Amino acid sequence: MTDTVARSARRDFLPFNPPLVGEEEIREVVDTLRSPWITTGPKTRRFEEEFSEFVHAPGALALNSCTAAMHTALACLGIGPGDEVITTPMTFTATANVVEHVGARPVLVDIEPDTLNIDPQRVAAAITPRTKALLPVHYAGHPAERDVLEALARTHNLALIEDAAHALPASFRGRQIGSGPNPVAFSFYATKNLTTAEGGMLTADPEFLEQARIMALHGMSRDAWKRYDQGGSWRYEVVAPGFKYNLTDVASAIGLWQLRKQERFHRRRVEIVEAYTLAFGADEALETPVRRPHVDHAWHLYVLRIRPELLRIGRDQFIDELTRRNIGTSVHFIPIHLHPYYRKKYGYVPADFPVAVSNFERLLSLPLHPGLTDQDVADVIEAVLDVVQIYRR
Ligand SMILES: *Cc1c(COP(=O)(O)O)cnc(C)c1O
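Residues numbered from 1 in each chain as written. Predicted model: local features only at pLDDT ≥ 70, side-chain atom pairs only at ≥ 80, totals over all residues. Heavy atoms only, no water.

*Asks:* Explanation requested: the environment of L322 in the structure shown.
*Replies:* With respect to the secondary-structure elements, L322 resides in helix α12 (residues 315–324). Remark: the alpha-carbon pair of L322 and G347, spanning 25 residues in sequence, is separated by 35 Å. Beyond its immediate chain neighbours, meaning those up to four positions away, L322 contacts I327, T329, L364, L366, A383, V384 and V387. (Helix = DSSP H or I, 4+ residues; strand = E, 2+ residues; numbered from the N terminus. Contact = heavy atoms within 4.5 Å.)

Next comes the structure, spelled out in structure tokens:
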């Protein structure tokens, strides 16, 4: 380490986003393991009910990932070969992959420069007779313009599936993400606002979920399960070649307590965001994340954008400098069309989605999780401002 770094570096590495799992989760997992039922059962049912209540959903189906939830939703909607699904390049690859899984084509459209969410006007322009669904992502926890998207979906008779991996808890014009009748997929991956190590939830109207529940468990008919529940009959019927996507009670045991802590977690996230934005907002070399007035932001990520024209270093070196100061960061996301699979299959070039690419090149995610102490937050702020100071043009 050089002298300039040593001056402002914290002693131990601050991980980007470790899970915050407490004794309650641990006790509930142990209780589950000591019970006669460890896979999908009573705790998963309770988790679904409490989650539904929390986001005011008409119903919820616990699955083993957000990817599984989106795949199941697409399959239940009958989307397949020859169909197009419009989504954003500024997302994790799972969002596009699930469209490939059902044999349809993910059609990417560019994003809005402020929220980095899918641009509804470009969505409107991309709709063709083959379009079957819109698949927006609530990037970083800031809801996409879902009312415009919903109106487009209604006009063109399309499904609206929301990738809400980041959006717990979030709301758009006072309505919580996940409270509508359309399919909405949440993630409980290790880094997400609520974690079950791996896990996910699909919210939708109860009729859709009944079909999804079958599809997510081998396509075995619900009638068979009812018989099984009541009388222990071994008989079942397969009505579709379904998936194996159910969430275990061991995972749901973690989820139950993570859910009960969400309000506290969220309050702490907001405090940290306010501290970061207060510290960085006045520096013209830095661009802080926006929140449109009509949304409640889940603040899954704090995405800071640098203005490379005002600095002597780019984003990659900015990250290296923070790492040297023991601050863990990440990048969300490498735009979908830059990945070899999508580039080769659809012949994309970077300039196809200039807003996504130009922002990708200058953004990084800072540590943002409820386990951060005030000292951690101060360390992040000091390190970021130190790097800016040293490399300012
Ligand atoms: C994490 C993430 C997913 C995938 O979630 P899993 O639960 O790991 O399947 C999907 N979309 C986005 C935007 C994500 O960040």
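*Asks:* What should I look at first to understand the packing of helix α4 (residues 66–76) against helix α8 (residues 206–215) in this one?
*Replies:* Geometrically, a packed helix pair is captured by the angle between its two axes and the distance between the axes. Viewed as axis vectors pointing N to C, α4 and α8 meet at an angle of 110°, and their least axial separation amounts to 10 Å. Of the possible angle classes, the one that applies to α4 and α8 is roughly perpendicular. Here the hand of the crossing between α4 and α8 comes out right-handed. Contacts between α4 and α8 involve T72, A73, A75 and C76 on the former and, on the latter, F208, Q211, A212 and M215. Here the contact of α4 with α8 is composed, by residue class, of 6 nonpolar, 2 polar and no charged. (Axes fitted to C-alpha atoms, helices over the stretch in contact; angles between N-to-C directions. Parallel < 35°, antiparallel > 145°, perpendicular 65-115°, else oblique. Left-handed = near helix turned anticlockwise from the far one by under 90°. Nonpolar A, V, L, I, M, F, W, Y, C, P; charged D, E, K, R; others polar.)

*Asks:* I'm lost on the packing of helix α2 (residues 23–34) against helix α10 (residues 249–260) in this one. Help?
*Replies:* Look at α2 against α10: their axes get within 8 Å of each other, and the N-to-C directions meet at 150°. On the basis of the axis angle, α2 is roughly antiparallel to α10. Crossing of α2 against α10: the hand is right-handed. Taking contact as the criterion, the partners of E24, E25, E28, V29, T32 and L33 in α2 are, on α10, D249, V250, A253, I254, W257 and Q258.

*Asks:* For this particular structure, what's the right way to read the domain arrangement of the protein?
*Replies:* Taken domain by domain, the protein holds domain 1 (2–18 + 262–391) and domain 2 (23–260). Inter-centroid distance (C-alpha atoms) of domain 1 to domain 2 is 27 Å. At the interface, 37 residues of domain 1 touch 44 residues of domain 2. It is Q262, R292 and F333 that lose the most area in domain 1 upon contact with domain 2, and together they represent 22% of the buried surface on that side. Our count for the contact surface shared by domain 1 and domain 2 stands at 4 salt bridges. Of the charged contacts in the structure, one is a salt bridge between E145 and R292, with a shortest N-O distance of 3.0 Å. Linking domain 1 with domain 2 are 28 residue pairs in polar contact (both at pLDDT 80 or more), by the criterion used here. Sorting the residues of the side of domain 1 that touches domain 2 by element identifies α11 (262–280), β12 (295–296), β13 (302–306), α13 (340–346) and α14 (354–360) as the ones contributing at least two each. (Domains from an automatic or database assignment. Buried area = accessible area lost by both parts, 1.4 Å probe. Salt bridge = Lys/Arg side-chain N within 4 Å of Asp/Glu carboxyl O. Polar contact = N/O pair within 3.5 Å; in protein donor to acceptor, adjacent residues only side chain to side chain.)

*Asks:* What exactly am I supposed to notice about α4 here?
*Replies:* Every α-helix winds through 3.6 residues per turn, so residues three or four apart in the chain are directed the same way. Counting buried positions along α4 gives 9 out of 11 residues, so the element sits mostly inside the fold. All of the buried residues in α4 are C66, A68, A69, M70, H71, T72, A73, L74 and C76. N-cap assignment for α4: the residue whose side-chain oxygen lies 3.3 Å from the backbone N of T67 is S65. Taken from the residues just after α4, G78 is the one with a positive phi, measuring 75°. (Buried < 20%, exposed > 50% of the residue type's maximum accessible area, 1.4 Å probe, protein only.)

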